[in-house]
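Chain residues, written in single-letter form:
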Amino acid sequence: MLSQSHFLSTTPSKALPFSHTSLLTRKTPFLLFPSFKSPQLSFHTKTMISNSKLSNPTDSSSLNHTELDHFAEVGNKLADAAGEVIRNYFRKKFEIIDKEDLSPVTIADQAAEESMVSIILENFPSHAIYGEEKGWRYKEKYADYVWVLDPIDGTKSFITGKPVFGTLIALLKKGKPILGIIDQPVLRERWIGISGRKSTLNGQEVATRTCTELSQAYLYTTSPHLFSGDAEEAFARVRDKVKVPLYGCDCYAYALLASGYVDLVIESGLRPYDFLALIPVIEGAGGVITDWKGHQLDWKASLDSRATRFNVVAAGDKQIHRQALDALQWQ
C-alpha cells in the first residue's frame, strides 16, 4: 500500500501509481490532499455520522474476485494514462471547440479518451467501449462488457483552471456498473467503487454520513443555470428546504458525498457517461443514487444506443433521499 509520505513526495510531472492491492484498506475520517497536509478536523456531528457499515448493494454473485481485481487494475491504468494527458494541458493555452450541443471540448478531452481506449483494446479486445467523444467502439452491436468513459467531466472547470473536474470510468456487465472510478488528476485523488465492496479514496475506505433531515443537508449542483422549465421549479423546491445550497463541483461533488462531506447532489440532463461511474462509488460508500422518481439509473449501451439525458439525485442517507424525492415531486 502506498504511504501518505509517498503521496506527499510525488512530483507533479509524474502520474501517481495505483495498485489493486491497495483497494481495500483502512478507513480515513477526512480527505487526504496529496500536495498538502489535511487539517485534523472532524466534520461529523451527532446527526451526521458515518454510514460505513453499508456496502454496495449491486449483485456480484456471478463475478469472480480475481476478475474484479483485474478490472480494477486496468481501470487504474486508464485513470493514470488519462491523468498524465490532462495534467500536461491543465492551465495551458489550447483550442476550445464547441460541439453540436454547444458544450466545449478540447484536445485534452480527445487525447485522454484515446489514451484509455488503447489500453482497453490491448487488455480486453472482447470488451466494447462507449466514450463521450467518439461513442461506440466495437465490431458487434452488443457486448457483455462495456467500458463507459468521460475523459473530463467538467470541461468548463478544466478550461477555467478549477480542479473540480474529473475523469469518469465505468465498466458495465450486461448493463450493470460493476466498477466505477472518479479520478481528480490534479489533486491526485481517486475514488474507486467495486461491486460488492466498500468504496475507497486512494486506497482508504470512505463512507457517506448520516443526515436525517433535509433542513440540515448540504446540497450541491453544478450550476442552477443548467435547470429549465419544470426541472428548475423542482430543484428550487429542494434548494429552499436544505441548510446550505452550493454550486460548481461537477463530478467532484459526488466524490465529496461518498467521503461524507456533502449530503445531497441533484442534477438535470446528465448523460450516461456522466453518472454510470458514480453508481458503484456512491453505493459502495453507503449512499443512494437514482433518478428523480427514485428509479434505478439504467442505460443499455450498444451500437444503436443514444446518450439520452437523465435527472439524477444522490444522497448519503436514505432518509433525505426520500425527502428530496418528495420535494422534487417529479412526474
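What follows concerns unusual backbone geometry. In this structure, Arg91 takes a positive phi of about 60 degrees despite not being glycine. The exposure class of Arg91 is exposed, given its relative accessible area of 59%. One non-glycine residue with positive phi stands out, namely Lys174, at about 50 degrees. Relative to the helices and strands, Lys174 resides in the loop between strand 7 (166–173) and strand 8 (176–184). For Lys174, a relative accessible area of 57% gives the class exposed.

Right, let's talk about helix 9 (residues 318–328) for a bit. Inspection of helix 9 places Ile320, His321, Ala324, Leu325, Ala327 and Leu328 among the buried residues, and these make up the whole buried set. Looking straight down helix 9, one finds that the buried residues subtend no more than 165 degrees of arc, so they occupy a single side. Along its buried surface, helix 9 packs onto helix 5 (229–239), strand 14 (264–270), strand 15 (288–291) and strand 16 (310–315). Two or three places before Gln319, at the opening of helix 9, Asp317 has a side-chain oxygen 2.7 Å from that residue's backbone nitrogen.

Taking 1.5 Å as the rise per residue, helix 3 (residues 107–123) with 17 residues should run 24 Å; its terminal C-alpha atoms sit 25 Å apart, in good agreement. All buried positions along helix 3 are accounted for by Ala108, Asp109, Ala112, Glu113, Ser115, Met116, Val117, Ile119 and Ile120. A side-chain oxygen of the first residue of helix 3 lies 3.1 Å from the backbone nitrogen of Ala108; this N-cap is Thr106.

Scoring rules and cut-offs
Residues numbered from 1 in each chain as written. Predicted model: local features only at pLDDT ≥ 70, side-chain atom pairs only at ≥ 80, totals over all residues. Heavy atoms only, no water. Buried < 20%, exposed > 50% of the residue type's maximum accessible area, 1.4 Å probe, protein only. Helix = DSSP H or I, 4+ residues; strand = E, 2+ residues; numbered from the N terminus. Arc of directions from axis to C-beta. Contact = heavy atoms within 4.5 Å. Polar contact = N/O pair within 3.5 Å; in protein donor to acceptor, adjacent residues only side chain to side chain. Expected span 1.5 Å × (residues − 1).

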